[in-house]
Amino acid sequence: MSLSLIRTVLLTAFSFCSAARSLSTSVHLQAQGNVSGVMLTCEKWKMPIPFSQYNSKSKKTLAKPGVKNIVLVDGVRTPFLQSGTTYADLMPHDLARAALQGLLNRTGLPKDAVDYIVYGTVIQEVKTSNVAREAALGAGFSDKTPAHTVTMACISSNQAMTTAVGLIAAGQCDAVVAGGVEFMSDVPIRHSRKMRKTMLSLNKAKTLGARLSLLGSIRLAHLSPELPAVAEFSTAETMGHSADRLAAAFGVSRLEQDEFALRSHTLAKKAQDGGMLSDVISFKVPGRDIVSKDNGIRPATMEQLAKLKPAFIKPHGTVTAANSSFLTDGASAVLIMSEEKALAMGYKPKAYLRDFVYVSQDPKDQLLLGPTYATPKVLEKSGLTLNDIDVFEFHEAFAGQIMANLKAMESDWFAQTYMGRKTKVGAPPMEKFNTWGGSLSLGHPFAATGCRLVTTVAHRLQKEGGQYGLVAACAAGGQGHAMVIEAYPQ
Amino acid sequence: MASARLLVTRSGCTALKAITGHGQRSLSVSSAVLARTHVSYEVKDNVAVVRINDPTSKVNTLGRHMQAELVEVINEIWGNSAVKSAVLISSKPGSFIAGADLNMFQACKTAEEVSYLLQAGQKMFEQIEKSPIPFVAAINGSCLGGGLEFAIACQYRIATKSKKTILGTPEVMLGLLPGAGGTQRLPKMVGLPAAFDMMLTGRNIKADKAKKMGLVHQLVEPLGPGLKISKKRTFLPARPLAVDFAKGLAGKKVRVEKKKGLMQKVQDFVMGLPPVRKQIYKTVHNKVMKQSKGLYPAPLKIIECVQTGIEKGNAAGYLSESENFGKLAMTSVSRALIGLFYGQVACKKNHFGQPEREVKKLAVLGAGLMGAGIAQVTIDKGVATILKDTTEEGLARGQQQVYKGLNDKTKKKSLTTFERDRIMSLLSGQLDYRGFENADMVIEAVFEDLSIKHKVVKEVEAVIPPHCIFATNTSALPIKDIAAASKRPEKLIGMHYFSPVDKMQLLEIITTNKTSKDTTASAVAVGLKQGKVIIVVGDGPGFYTTRCLAPMLAEAVRALQEGVGPKKLDSLTTGFGFPVGAATLADEVGIDVAAHVAEDLGKAFGTRFGGGNVEVLKMMVQKGFKGRKSGKGCYVYGAKSKEKKVNSGAEDILKSFKLTAPPAVSADEDIQYRLVSRFVNEAVLCLQEGILPDPVQGDIGAVFGLGFPPCLGGPFRFVDSYGADKLVQKMKHFEEAYGNQFTPCQLLLDHAKDSSKRFHK
């Protein structure tokens, strides 16, 4: 078979680009030829993998004797909107509430059947610092259901889900709701430290004289506000800057990044139009219309993408606004139960949540390499190989970050030198990778993305008839996460 | 002296290099296919990438050989019509070009010879400046002196934003000036004030500052690990980027000129007015005179060269630059400073070999000024350190000192707050001996009292492992006396730090005849890690440094008793080149410490350490005038006014001990030489007695530890340049008036007798 023929087969088999508008992606990917990591991995797959052949797997199931099976019953999310759009006047717990109510509606879950609620968030609204509790109460959950909030940057809702898994595995709970919310339309902007100090002292000042002298000490400079840091605290480097350096270190070109971004948007658009994004619920925004679609999906042309100037390292960087994920408002929620409980309540679970790992590494030069570190570790833990995985959902922080991770995963040298492994784990084949779009196109409400990834894996496994799925994500602080998900037998 | 990176070529090696250089050049006439060793280039896509790599050294320096090959390569590039632009880059990871080859100048006999060399350099850079094709300098690592002058002759500069990348003109610190166009190009590039600041202070400029100043056009971010097997990763991105810019420049897509902001325009306009410039020259001149007391000719010549270039045009400027450089190279000041530079390089090496065990855990006893300082410079370099004190207050004070030292660095932005926290996490403050069982070295910095030191030795030896080294930080107590209490004297060594430890570069290591070589090697290794310049001396009262300082301070007390006021004394000593006046120095050291040392050493050495009356110091201590730390000493401290006020209480004490000044030896110059000659004589005696291993360490110790005038290069270089015979003559004159404290030692007399005898070749 000639190479182009293989590619045609491949592309048709997974109907990557049957739509005319996505054709440009494949053309560019082809033009890239074997230079691009994308095609390299494609070429390795001489034949489309028949997903139904479970026999070829390393393991028939990941169920372990004596270990409770924990299942994902269902997952939902609000539409992910660019910040400052329709959600602009809400508060974070409003969004979280919408996701929780959506989950209740979708599953028909009796509110008092929930033992516990765990919610993730990154940028905290100070008024609702335990946003889990406020959202749960507002969503009409029983006031007898405890709720706590977790935070771990972009893997906060992954942390919420694995916390839920832990609670169930430990026998403490049977049904837990996990989720995450991020609201970038409003962020806490503080007074300067000096001003805060003066204001706090003012509270304590007893006499009028003391108050006046404190007021008199206020200088114009004290009035300049403190914006929330967009930079890594330990290194003072913004994430986009680090992503740009990472892309350069791995030799990821601007073209590769733009192509990947375009791929993400194209696939997301197709998934949206094809009704694949069934985790999205409709949300009647108070004072506004009903929102039922993500609004950040915008397939453009390569020419349009090429026109953009670098956003972080100027003038020669490669990371642009278009090949980075955008600031997003959104919330997600999932219902996690022990298999027994789910079946007892009459649910048909969507997937098993299996092994997971958290990793962390140098927050300066390897800030966004979480997936590279987490993937081999979680596969090893579950006794699978990369070939066993039918569905990959990686968090797309930046196109450059994804491409760098793919290249790192393909490198024996990197695995040996930095990860202490004998060989590379290998890069996921692109035809299995984020085929319904990703954070670049669907949007990335920091703490809500994790649940979206897991729900998407479950849905894709069902749709495509695969057995194993892998979620991987990077997070600020140089941390990362991966989880193996097994389809629930149909 | 921040010029440590300026040049690390060893003299022997370079001499050889120069010879082969000549040899190869003459050979190249007959053989066309001669391989170049220092400079190579390749042409790709119309861009010539020129790589510089001196195979004989860790850093690149502009020597005859390098220069010759560069000229050859550049001519080839110009001759190649396919080349539309060029990139200049170093193959070394931490060095672009660290400066000119100093040996090249030192080998010259006359100023004219030096000037001629420079004119060749000036010409080469001028050709590059006027090159028909653009040159892009891709800078990573040190870009200093001639290296910077080369870079600024190029049309475009890109620098990596790494801590290793530093730009600067450190020539002034060697008593020289930027002699290859620097005094001419820099003012035009960064403006008159910034150029003066650079050239007169010789300070290192980091990449981001250089970008702000307009010294470089673009910065490249250093990258983390990627796919390539290379430690040199950090400078790799500079090359492709530089090539891109080179192409852009050739295709006129990249513009060299930056748009000027309003402030810049205003500044340019103001600088365009001759009276304004005149005022600047005058102000800078006055400032230099005030700081250098006129003892350093280089800064004045720099001002002259800049002024000539701006007011009389390029040609005159270049001529003035090369001529003045030639003259400066022949001055004793420049020789002294270059000598110190080489000495410093030599004292930054471990001559005792690799220690058997690396010190990974250090414990410091006593959280006082010294102890905390030692802890700070140790954790700073990533070594886990225990800081132990006996009281909670003492410990808290010490920990606060360390924190403040590091926090001040975050204010200056040389550390991030996060790095500060990481470093602080290496410090463990405690009141007990927990963890000492894992210590590789203990440095005690407890009170200077033999019985306390003995107690500490015994206590510590009971808890430390057998391999652990015990170092004692003392300024005057003989190490062998402290070691008397030790069960393992071969593991005991003296490490004399100078206060403030985080600022003073010197570390004096003292070995007894029982100290093992490995112990010494280990102490030197720790000192080097702490960033110290190290001298290793023999044991004895006051070792080397304190022993030299004591007679000078005794003479200072004498002068005070004779009615020379503290201010006058200070101006006499600073006028001689000491950075700190004698009276101020006594206050800084502490009058109590000075009294203590004077008494101890007086007992040990007898009348040679006489002169001033120790009772003066004792009385001052009694009244609480212990120097700066107590708020009063010779001066009163704490007042906000800049003008230091003389402590009238101290004056009263001096009056009660008043002596008559012998008129024959009390002129200003006499007082200066009385102070200096006693210092120098004691230093030479230390060499004679074998306390000092060599004159180089003697000079380094005196300059870096005690502030001996750097322009004189240290006591030994001073004897060489001033003349031992002249010095002996003066001392004999003083001896007549005062007695045996001025008796020259035998070694000095030997040198006086035979003028061919010199401490430095």
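Residues numbered from 1 in each chain as written. Chains lettered and ligands numbered in written order. Predicted model: local features only at pLDDT ≥ 70, side-chain atom pairs only at ≥ 80, totals over all residues. Heavy atoms only, no water.

(A) Representation of the overall build of chain B within the structure. Helices and strands together make up the secondary structure of chain B, namely 31 helices and 20 strands. Against the 2.2 N^0.38 benchmark of 27 Å for 761 residues, chain B shows a C-alpha radius of gyration of 28 Å, consistent with a compact globule. Expressed as lengths along the three principal axes of its C-alpha atoms, the size of chain B is roughly 85 × 60 × 55 Å. Among the 761 residues that make up chain B, the fraction classed as buried is 56%. Counting contacts in chain B only where the partners sit at least 6 residues apart, residues at least 24 apart contribute 74% of the total. (Helix = DSSP H or I, 4+ residues; strand = E, 2+ residues; numbered from the N terminus. Rg over C-alpha atoms; globule rule 2.2 N^0.38 Å. Buried < 20%, exposed > 50% of the residue type's maximum accessible area, 1.4 Å probe, protein only. Contact = heavy atoms within 4.5 Å.)

(B) Here's a closer look at the packing of helix H28 (residues 695-706) of chain B against helix H29 (residues 715-722) of chain B. Residues and elements named next belong to chain B. It is at 7 Å that the axes of H28 and H29 come closest, and there the two elements cross at 110 degrees. In terms of orientation, H28 lies roughly perpendicular with respect to H29. Across the interface between the two elements, Pro695, Gly698, Asp699 and Ala702 of H28 pack against Pro715, Phe716 and Arg717 of H29. Residues belonging to the contact of H28 with H29 are distributed by class as follows: four nonpolar, one polar and two charged. (Axes fitted to C-alpha atoms, helices over the stretch in contact; angles between N-to-C directions. Parallel < 35°, antiparallel > 145°, perpendicular 65-115°, else oblique. Nonpolar A, V, L, I, M, F, W, Y, C, P; charged D, E, K, R; others polar.)

(C) Fine view of the sheet that holds strand E7 (residues 156-160) of chain B. All names here are of chain B. The sheet built from six strands is open, its strands ordered E1-E2-E3-E5-E7-E10 with mixed pairing. In this open sheet, the two strands that pair with only one neighbour each are strand E1 (39-44) and strand E10 (218-220). Shown here is a sheet whose adjacent strand axes are inclined to one another by a mean of 20 degrees, direction ignored. Sheet topology places E7 next to E10; three bridges connect them, and they run parallel. By the bridge assignment, alanine 159 is partnered in E10 with leucine 219. Set on the sheet, helix H2 (residues 64-79) makes contact with E1, strand E2 (47-52), strand E3 (85-90) and strand E5 (135-139); between it and E1 the angle comes to about 20 degrees. (Pairing = 2+ DSSP bridges.)

(D) Molecular detail of empty space enclosed by the protein. Residues and elements named next belong to chain B. Scanning the model with the defined rule gives eight cavities of 30 Å³ or more in all. The space that makes up the largest cavity amounts to roughly 240 Å³. Along the walls of the largest cavity sit 23 residues, with Ala100, Phe105, Leu118, Gly146 and Glu149 positioned nearest its centre. At the level of secondary structure, the elements contributing two or more residues to the lining of the largest cavity comprise helix H3 (102-106), helix H4 (111-129) and helix H5 (146-153). (1 Å grid on protein atoms, 1.4 Å probe; cavity = no way out; pocket = protein on both sides within 12 Å on 5 of 7 lines; lining within 4 Å. Points joined across faces, edges and corners; volume = space filled by probe spheres on them.)

(E) Inspection of the pattern of salt bridges at higher detail. According to the stated counting rule, one finds 54 salt bridges over all chains in the structure shown. Of the charged contacts, one joins lysine 350 of chain A and aspartate 74 of chain A as a salt bridge, the two residues approaching to 2.7 Å between their closest N and O atoms. A residue pair is termed long-range when its members are at least 10 positions apart, and lysine 350 of chain A in the loop between helix H12 (339-344) and strand E9 (351-360) and aspartate 74 of chain A in strand E1 (residues 70-77) qualify at 276 residues. Since its relative accessible area comes to 9%, aspartate 74 of chain A is described here as buried. Two residues, arginine 97 of chain A and aspartate 94 of chain A, come together in a salt bridge whose shortest N-O distance is 3.0 Å. Of this pair, arginine 97 of chain A and aspartate 94 of chain A are both found in helix H4 (residues 92-107), three residues apart, which corresponds to roughly one turn of the helix. Exposure remark for arginine 97 of chain A: the relative accessible area of 24% places this residue in the partly exposed category. Bridged by salt links that share partners, the residues Glu555, Arg558, Glu562, Arg674 and Arg678 of chain B form one connected network. (Salt bridge = Lys/Arg side-chain N within 4 Å of Asp/Glu carboxyl O.)

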